[in-house]
Amino acid sequence: MPAEYVGKDVAVVAFDSMLAAYYEGKQIAPHRISYQRKDLVVNPQHCRRLTLKQTMDAEDVLFSDFMLQWLEIVKPTTAITTYSSYSNMVKGIIVPYFKARGIMLKQLRPTDIQAFYME
């Protein structure tokens with residue numbers, strides 16, 4: 001189930017070879033059905049978004065650590081050159097700046113970002 005639908009009222013319909021989840025009449029997550037023991041059927045995109053959502057809900061996460069986790073989450077779905085650019089910016093500039101200041105994700109304010117750009 002996509003992370004944005006956790007806690008919402010969804011309908012699940014079973015077909016011969018798949019399950020489909022619907023929210024407000026729109027199909028949001030089709031999954032194949034497996035009858036093999038211990039066969040885990042997941043959509044990796046859903047897991048990454050849920051991990052990101054859980055991280056954002058945590059109160060004791062440094063913004064710098066969040067950015068490193070975000071970088072790993074987007075890696076599989078990002079072009080190599082784009083990821084390289086992201087990685088250089090995050091690891092070389094953003095993480096050192098915010099780690100030195102110890103700013104927690106939940107405490108991050110627009111003024112913190114403005115100060116980052118001004119430096």
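Position numbers for residues count from 1 along each chain, tracking the sequence in the order it is written. Two thresholds apply to this predicted model, a pLDDT of at least 70 for residue-level local features and 80 or more for giving and counting side-chain atom pairs, whereas whole-chain, interface and lining totals are computed over all residues. Side-chain descriptors were evaluated using all non-hydrogen atoms of the structure, hydrogens and water having been removed beforehand.

### Quick look at the overall build of the chain
1) Next: Assigned secondary structure in the chain consists of four helices and three strands.
2) Next: Going from the N terminus to the C terminus, the chain shows its helices and strands as β-β-β-α-α-α-α.
3) Next: Within the chain, the proportion of its 119 residues that are buried is 29%.
4) Next: A fraction of 35% describes how many contacts in the chain between residues 6 or more apart in sequence connect residues 24 or more apart.
5) Next: Of the roughly 8400 Å² that the chain leaves accessible, carbon and sulfur atoms contribute 56%. What counts as a helix is a DSSP run of H or I of at least four residues, what counts as a strand is a run of E of at least two, and both are numbered from the N terminus. Summary of the burial criterion: residues with accessible area below 20% of their type's maximum are buried, those above 50% are exposed, and those between are partly exposed, where the area comes from a 1.4 Å probe applied to protein chains only. Any pair of residues with heavy atoms lying within 4.5 Å of one another is described as a contacting pair. Note that accessible areas follow from Shrake-Rupley with a 1.4 Å probe, and for residues the cover is restricted to the protein chains shown.

### Section: helix 2 (residues 63-74)
1) Next: Here the expected length of a helix is defined as 1.5 Å per residue gap, with one fewer gap than residues. Taking 1.5 Å per residue, twelve residues should reach 16 Å; helix 2 reaches 16 Å between its end C-alpha atoms and fits that length.
2) Next: Listing the buried residues of helix 2 in full gives Phe-63, Ser-64, Phe-66, Met-67, Leu-71, Ile-73 and Val-74.

### Comments concerning the sheet that holds strand 3 (residues 26-32)
1) Next: Two strands make a pair as long as DSSP finds a minimum of two bridges between them. Strand order in the open sheet formed by three strands is 1-2-3, with antiparallel pairing between adjacent strands. Where the open sheet ends on each side, the last strands, each with one partner, are strand 1 (11-14) and strand 3. Here the strands of the sheet are splayed against their neighbours by 25° on average, with no regard to which way each runs.
2) Next: Looking at chain direction, strand 1 and strand 2 (residues 18-23) are connected through four bridges and run antiparallel. Each bridged residue has a counterpart across the sheet, and for Ala-11 the counterpart in strand 2 is Tyr-22. Interaxial angles span 0 to 180 degrees and are taken between N-to-C directions of axes, which are lines fitted to C-alpha atoms, for helices over the stretch in contact.

So far we have only geometry, and geometry alone does not tell us how the molecule works.
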